[in-house]
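# Notes for the structure review
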Amino acid sequence: MPGFLPENVATLAIDFSYLLVAFLFIMGLKAMSSPVTARRGIVVAGFGMLIGTLMSFLYPGMGNFPLMLAAIAIGGGLAWWSGRIVAMTDMPQMIALYNGMGGGAAAAIAAVELLRMASAEPAATHGPVVTALAAAGAFIGAVSFSGSLVAFGKLQGLIKRSFRFKGQQFVNLVIVAATLALGASIVIAGHPTMQTVVLFFALALLLGITMTLPIGGADMPVVISLYNAFTGLAVAFEGFVLENAAMIIAGIVVGSAGTLLTQLMAKAMNRSLGNVLFSGFGEGPAAAAEGVTGALKPIEPSDAGVMMAFAQKVIVIPGYGMAVAQAQHKVWELCQLLIDKGVMVRFAIHPVAGRMPGHMNVLLAEAGVPYDLISDLDEINAEFETADVALVIGANDVVNPVARTDKSSPIYGMPILNADKAKNVLVVKRGQGAGFSGIENHLFYLDNTRMVYGDAQKVAAELIHAIKAVG
Amino acid sequence: MEGVIAIYIVMLAAFTGYEIIAKVPVILHTPLMSGSNFVHGIVLVGAMVALGRADTVLEQVIGFVGVVLGAGNAVGGYVVTERMLQMFKASGQKKKESA
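Bear in mind that the values here come from a model prediction, so they are computed numbers and not experimental data.

Procedures and definitions
- Residues numbered from 1 in each chain as written.
- Chains lettered and ligands numbered in written order.
- Predicted model: local features only at pLDDT ≥ 70, side-chain atom pairs only at ≥ 80, totals over all residues.
- Heavy atoms only, no water.
- Helix = DSSP H or I, 4+ residues; strand = E, 2+ residues; numbered from the N terminus.
- Buried < 20%, exposed > 50% of the residue type's maximum accessible area, 1.4 Å probe, protein only.
- Contact = heavy atoms within 4.5 Å.
- Areas by Shrake-Rupley, 256 points an atom, 1.4 Å probe, with all protein chains shown as cover.
- Salt bridge = Lys/Arg side-chain N within 4 Å of Asp/Glu carboxyl O.
- Buried area = accessible area lost by both parts, 1.4 Å probe.
- Axes fitted to C-alpha atoms, helices over the stretch in contact; angles between N-to-C directions.
- Parallel < 35°, antiparallel > 145°, perpendicular 65-115°, else oblique.
- Left-handed = near helix turned anticlockwise from the far one by under 90°.
- Pairing = 2+ DSSP bridges.

When helices and strands are tallied, chain B shows 4 helices and 0 strands. Ordered by position in the sequence, the α and β elements of chain B form the string α-α-α-α. Within chain B, the fraction of its 99 residues that count as buried is 60%. Excluding contacts between residues fewer than 6 apart, the proportion of contacts in chain B whose partners are at least 24 apart in sequence is 60%. A total accessible area of about 4000 Å² is found for chain B, and carbon and sulfur atoms account for 66% of it.

Our next topic: the side chain of A:Thr53. Following the sequence through the fold, A:Thr53 ends up in helix α2 (residues 38-56). Owing to a relative accessible area of 12%, A:Thr53 belongs among the buried residues under this scheme. Once you skip the residues sitting within four places of it in the chain, A:Thr53 turns out to touch B:Leu44, B:Val45 and B:Met48.

Turning our eyes to something else, we now look at the pattern of salt bridges. Residue and element names in this part refer to chain A. Tallied over the entire structure, the rule returns 8 salt bridges over all chains. Across the pair Asp 388 and Lys 423 runs a salt bridge whose closest N-O atoms are separated by 3.5 Å. On the criterion of sequence distance, the pair formed by Asp 388 in the loop between α15 (377-380) and β4 (389-393) and Lys 423 in the loop between α16 (402-405) and β5 (424-429) is long-range, its members being 35 residues apart. For Asp 388, a relative accessible area of 17% puts it in the buried group. The class for Lys 423 is partly exposed, based on a relative accessible area of 45%.

Facing 103 residues of chain A, the contacting portion of chain B comprises 80 residues. In total, chain A and chain B occlude about 8100 Å² of area from one another, counting both sides; carbon and sulfur atoms represent 77% of this. The salt bridge partner of A:Arg116 is B:Glu59, with a shortest N-O separation of 3.2 Å. Residue contributions to the side of chain A that touches chain B peak at 16 residues, all from helix α4 (residues 91-118) of chain A.

Attention now moves to the packing of helix α8 (residues 220-242) of chain A against helix α2 (residues 29-39) of chain B. As a packed pair, α8(A) and α2(B) sit with axes 10 Å apart at the nearest point and diverge in direction by 30°. By the angle between their directions, the pair α8(A) and α2(B) is classed as roughly parallel. Our pair here, α8(A) against α2(B), has a crossing hand that is left-handed. Contacts between α8(A) and α2(B) involve A:Pro221, A:Ile224, A:Ser225 and A:Asn228 on the former and, on the latter, B:Met33, B:Ser36 and B:Asn37.

Let us look at the sheet that holds β4(A). Residues and elements named next belong to chain A. Read from one edge of the open sheet, 6 strands run β3-β2-β1-β4-β5-β6, paired in parallel fashion. In this open sheet, the two strands that pair with only one neighbour each are β3 (374-376) and β6 (449-453). When strand polarity is set aside, the average angle formed by the axes of neighbouring strands in this sheet is 25°. With 5 bridges joining them, β5 and β6 adopt parallel strand pairing.

Shown next as structure tokens:
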């Protein structure tokens, strides 16, 4: 079918537009790496995406335009709607979801190519290198697709528990080996059978599921970031197959940036990537309450409020519990009240607090907390010794001193916020259960720790009330 | 695409990605992950080509699904990133009138 333009003109125009797309993407990402220019960055990158999409309609030999427009309207419309209505606290799982869609799209491209080869049209065959790239992209994209969907399900609360069984890693290894063997057979055969291709995709999808199911919620940020890098690579591989420069450059940039980001996150938890993926974090009931001395000592919010009102320095440690309770606005209101009273207030953010690095920063920014009050782990840890109150709001594992002391603990070696060094520790927590990792938190049993039970938003409101009563 | 040139492209793009992330403050990690998530939404373009050149019904179905997913990645990634970064604009010295 003839395109809108003569073939050579169209190809040239598309090639140059992709150059522009790559340029805009890189400039956009660069701008996103500074808070001042970040907002401009996404607009620049978005402009690039728009150009790339519009120009791609000009490809020579294209058909199925009504289908294409319908698909863009459906996919884009649903994503636009869901992205608009989702609460800020649910952002991590939405990123996982959209990322999975990208991986699925890359796998779909590969599926069309591989199936065309299976249909044994001589004209449709590729050389072994291109076939290998198509298969590799299919593999990575499919794993990213199903894995990201599982991550989404877990964070969204659709999948409640981590599924683990004996020999799980062995089963995963077998699936990896079988998938790779099938992929190799496709490359070698050149004309794979339909069954081989279908089985190949089925196994890759299964691997994404079995790989992600055992991973606990605390590790999800790392996993989502890893799948983000995966999707980037898959997109780049399919870019080679389609000889599409924009896909290659964008995919590789995301692949390398995502890999680095994943490493930074894993490092923040003092764990290797392999450890995150294969350790079966918090496995077994061994960690249950061993070596805990003392008791949990509850305190009324009114007393806790008085304690803070007369403090000189309060360090707030927000965690996922604050996100769940949507308490960031109330917490900031509370802190403003304290600041007005002359109390020095700081926010301490652990690199993996919440479900993503920077998750807490995003929420605090939403509530209007200025940057200069927010410190990360390295900056603030020395300051706990001079703090009168460490207010832990819905954070757990990131303040567990066990990480420093107990070698047998799964979180041993993870850098933590030294809340236990503060003169008083107030822990706002919904109930008496352990954290996401299932490890008992020794901080809660310390002599200078008091527990304030309740929903973070409600407790913050009660604390505000109490401090106002002090006058 | 010529093999060697392709390798050049990969190498330079990989360095670019590394450089972009290496100097980013932790505070922007989530928006940037979201932003890079948006960028690989360019897969939409490839899915469009795959669908545009599909001949059989099966290819059309897979291509259609690919375009739906790719468009979801691109649009969803943009909306979510834009919303997140909007809040960063509001913070700083000038506080947003928070509820």
